[in-house]
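Residues per chain are reported as follows:
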Amino acid sequence: MNIELTRQIDATPERVFQALTEAGELVRWFPSSAESDPRTGGDYVLRFEFEDASRNHTYSGQYENVTPNEHVRYPWNGRFGDTMVEFVLNPGDGGTELVLVHSGW
């Protein structure tokens, strides 16, 4: 089973790519802290920290496919098993169409 979402974002593909891959940008909207080497084969670490420490968790792995400003794909090894996260960025309508596919459920 796949989860697929498509959204139009009022930002350039370059800006959206930065938000999805740069550690300093990721922490603005997703994890509590991050490390990211956004290239095919590069490592990432996403840490989620809460007041209730029993909820803390970390996801890490290697980017499987990165095409700057166009595509990002990486494994997501969560409590429900190993899945895959993929973002496709398409320029259009003065911004970026962002397609997220989370597969392997």
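For the structure itself, look to the data block above.
This one's a predicted model, so the numbers in the text were calculated from it and none came from an experiment. (Residues numbered from 1 in each chain as written. Predicted model: local features only at pLDDT ≥ 70, side-chain atom pairs only at ≥ 80, totals over all residues. Heavy atoms only, no water.)

(A) Here's a closer look at helix H1 (residues 13–21). If you check which residues of H1 are buried, you get Pro-13, Val-16, Phe-17, Leu-20 and Thr-21. The arc that holds the buried residues of H1, viewed along the axis, is 120°, so those residues lie on one side. (Buried < 20%, exposed > 50% of the residue type's maximum accessible area, 1.4 Å probe, protein only. Helix = DSSP H or I, 4+ residues; strand = E, 2+ residues; numbered from the N terminus. Arc of directions from axis to C-beta.)

(B) Local environment of the sheet that holds strand S7 (residues 81–92). Overall, antiparallel pairing links the five strands, which are arranged S1-S8-S7-S6-S5 in an open sheet. Either end of the sheet is taken by a strand with one partner, and the two such strands are strand S1 (2–9) and strand S5 (65–67). Neighbour to neighbour, the strand axes of the sheet diverge by 20° on average, direction disregarded. In terms of strand pairing, S1 meets strand S8 (residues 95–103) through eight bridges, oriented antiparallel. By the bridge assignment, Asn-2 is partnered in S8 with Ser-103. (Pairing = 2+ DSSP bridges. Axes fitted to C-alpha atoms, helices over the stretch in contact; angles between N-to-C directions.)

(C) Layout of the packing of aromatic side chains. Under the criterion given, the structure shown has 10 aromatic pairs. Here Phe-30 and Phe-48 contribute two aromatic rings whose centre-to-centre distance is 5.2 Å and whose plane-to-plane angle is 80°, an arrangement assigned as edge-to-face. In this pair, Phe-30 is assigned in the loop between helix H2 (23–26) and strand S2 (33–36) and Phe-48 in strand S3 (residues 43–48), connecting sequence segments 18 residues apart. For Phe-30, a relative accessible area of 33% puts it in the partly exposed group. Centre to centre, the rings of Phe-30 and Trp-76 are 6.1 Å apart; their planes meet at 25°, and the pair counts as stacked. Residue Phe-30 is located in the loop between H2 and S2, and its partner Trp-76 is located in strand S6 (residues 71–78); the two are separated by 46 residues in the primary sequence. Linked through ring pairs, Trp-29, Phe-30, Tyr-44, Phe-48, Tyr-59, Tyr-63, Tyr-74, Trp-76 and Phe-87 together constitute an aromatic cluster. When the ring centre of Phe-50 is taken as reference, the NZ or CZ atom of Arg-55 above it lies at 4.1 Å. (Phe/Tyr/Trp six-rings, centres within 6.5 Å; stacked < 30°, edge-to-face > 60°. Lys NZ or Arg CZ within 6 Å of the ring centre and 35° of its normal.)

(D) Looking closely at the pairing of S7. Bridge analysis of S6 against S7 gives eight bridges, and the strand direction is antiparallel. Within S7, the residue paired with Asn-77 across the bridge is Asp-82. Taking the residues that link successive antiparallel strands as the turn, the S6-S7 hairpin has two residues. Summarising the sheet, S7 and S8 pair through nine bridges and their orientation is antiparallel. Pairing of Asn-90 across the sheet is with Glu-97, part of S8. The hairpin turn running from S7 into S8, its antiparallel successor, is two residues long, and Asp-93 in that turn takes a positive phi close to 50°.

Fair warning: the whole summary comes from geometry, so function is off the table for now.
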